[in-house]
Amino acid sequence: MRAQFVLSEIWIGLRRNLTMTIAVILTTAVSLALFGTGLLIRSQVNAMKDYWFDKVEVTVFLCTSSSSSARCKDNGPATDDQKGQIQRDLQAMPQVRRVYYESQEAAYQRFKSQFRNSTALVQVTRPGDIPDSFRVKLSRPQEYRVVASAVAGRPGVDSVLDEQASLERFFTMLNGLRNAAIGVALLQIVAAILLIGNTIRLAAYNRRRETGIMRLVGASNFYIQLPFLLEGAVAGLIGGGIASTLLVAVKLLFVDRLRSSFLTVAWIGWESVIQVIALQLIAGVLISALASFVTLRRYLRV
Amino acid sequence: MIRFDNVTKSYPTQTRPALKTVSVSVEKGEFVFLVGPSGSGKSTFLRLVLKEERPSAGQIHVAGKDLGRLTTWKVPHLRRRIGVVFQDFRLLPNKNVYENVAFALEVIGKPRRFIRRVVPEVLELVGLEGKERRMPDELSGGEQQRVVMARAFVNRPMILLADEPTGNIDPATSIGIMKVLDRINRTGTTVVMATHDAAIVDSMRKRVVELEDGKIVRDQSRGVYGQAY
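Residues numbered from 1 in each chain as written. Chains lettered and ligands numbered in written order. Predicted model: local features only at pLDDT ≥ 70, side-chain atom pairs only at ≥ 80, totals over all residues. Heavy atoms only, no water.

Our focus in this paragraph is the pairing of strand E9 (residues 207-212) of chain B. All names here are of chain B. Across the six residues that make up E9, a large majority, five, are buried. Bridge count between strand E3 (residues 31-35) and E9: four bridges; the pairing is parallel. Directly across from Leu34, in E9, lies its bridge partner Val209. Examined bridge by bridge, E9 and strand E10 (residues 215-220) share five bridges and lie antiparallel to one another. Paired with Leu211 across the strands is Ile216, a residue of E10. Between the end of E9 and the start of E10, which pair antiparallel, lie two residues, with Asp213 showing a positive phi angle near 50 degrees. (Buried < 20%, exposed > 50% of the residue type's maximum accessible area, 1.4 Å probe, protein only. Helix = DSSP H or I, 4+ residues; strand = E, 2+ residues; numbered from the N terminus. Pairing = 2+ DSSP bridges.)

The next point concerns the side chain of B:Asp163. Residues and elements named next belong to chain B. Here Asp163 lies in strand E7 (residues 159-163). This buried residue, Asp163, is left without a salt bridge; Arg90 holds the nearest opposite charge, at 6.6 Å. Here the side chain of Asp163 touches Ser43 through a polar contact of 3.4 Å, side chain to side chain. (Lys, Arg positive; Asp, Glu negative; His and termini not counted. Salt bridge = Lys/Arg side-chain N within 4 Å of Asp/Glu carboxyl O. Polar contact = N/O pair within 3.5 Å; in protein donor to acceptor, adjacent residues only side chain to side chain.)

Before going further, it helps to spend a moment on a nonpolar patch on the surface. Residues and elements named next belong to chain A. Together, Leu18, Ile22, Leu26, Val234, Ile238, Ile242 and Leu246 make up an exposed nonpolar region whose accessible area comes to about 560 Å². For the nonpolar patch, the elements supplying multiple residues, two or more each, are helix H2 (18-55) and helix H10 (221-261). Here the element with the most residues in the nonpolar patch is H10; it accounts for four residues. In this fold, Leu26 is placed in helix H2. Since its relative accessible area comes to 48%, Leu26 is described here as partly exposed. (Patch = residues over 30% accessible without salt bridge, like charges linked within 9 Å, V, L, I, M, F, W, Y side chains within 5 Å. Areas by Shrake-Rupley, 256 points an atom, 1.4 Å probe, with all protein chains shown as cover.)

Next up on the list: the interface of chain A and chain B. Facing the 17 residues of chain A at the interface are 25 residues of chain B. A buried area of about 1,900 Å², summed over both sides, lies between chain A and chain B, and 56% of it is on carbon and sulfur atoms. Our count for the contact surface shared by chain A and chain B stands at one salt bridge. A:Arg215 is the salt-bridge partner of B:Glu52, the closest N and O atoms lying 3.1 Å from each other. Counting the contacts that link chain A with chain B gives four residue pairs in polar contact (both at pLDDT 80 or more). Breaking the side of chain A that touches chain B down by element, the ones donating at least two residues are helix H1 (3-16), helix H9 (208-216) and H10 of chain A. Of the residues forming the side of chain A that touches chain B, the biggest block, six residues, is contributed by H9(A). (Contact = heavy atoms within 4.5 Å. Buried area = accessible area lost by both parts, 1.4 Å probe.)

Below, the structure written as structure tokens:
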């Protein structure tokens, strides 16, 4: 195998079809960038999930004498028996790691420190206004629904707040975004594959003299097809490179800026960006090499 | 070197077969003219030897290989033992004489050192020394055909197939082409030449195989083209 010969053939091929090559590169770049963005969103969602699911709790608010809900009015404030029963039941559940009881006094103190900047709000709130609650840490955060439904509606329980549910809505939105990005990317990839196929067909036609002679002097199929395959792969690789640059830009301009404004949130780091870039490059090369290969089987009879 | 046993070749679009139960044998080092009118099956014969086509029936042996049993991926190795010369030259217009000949070796992966040694040798054999840097469009028809012969012979094939090599060349130049083919033949290479050119066949006095409507109607050693044409 003469590397220099093959390389010069690739270069000639790419240059001869310059406009088509550019079209291939741009289409691949856009599709791979969208694909990569989808993957980045996915790892962002996972990072957030890991981060928040660990911190998020199910809060079971108990009825107090000042509770305003109809349920609490009917049943009256939670008795010590009821509280004890709820706590025991929660602790018995396999999904639950730990149960904290937060008294009305402790809740009031926390409220005061959380809202210390809005003095007006603190002033109108009295210690009894904030209900006592059980804060439940979960060992299996995915199963928060089981825990919530186990205690919701019991006598003495006012409401069950699972922060998970509101997070889920947020994640659903992000997942929708991810699916949209990957969906558009797939459409683009189909376009890229067809474009690559056409480019290779054109290249095979342009070089039919060369390939005809190669065939007659006994060049192996591999040797005849290799320049075309590599031509596609190089175009795919350049497209992947551009897509990677775009992804780095997304990380620098978007993620890193958001990170500085939302410090409390987990953001993806460079390692996931690098992973996605590697995937992008591999996908770029594979897609184009595959498209070239399939086209060559049809148009370059050996 | 080449053996056809009852070979028939029909094309799906034609009712009459291009070759009908042809049996012929060409020995190593022979020089054979394949003559006959257009459409008599000469080109089909050459294409079958190269395994560019498969016979509809019968067996073909080339260079000791049964082509019917030869797998597709071994066909390139068969073709490396066969050189081909065409009427329409088929040179690469963007490569000069040297590069055109070297191309045939590059694409079968020969090392550069080897190419640098053998290409000048073969260019000298066909009488093109000193014209290595010329482009094909700067050459006369006869010179272009010499490049084609150099390209066909540079890998020292056992068989050289020539499909009307003098078809596009004036008679005076043709004599030079035939001298080169004769020289190649003298190195031990089997030469099969399909031609319409009666004068050349008559002057060479070599074996003549005549095809008509896909059948061999004459096989004569030291023959002439024949009176009918």
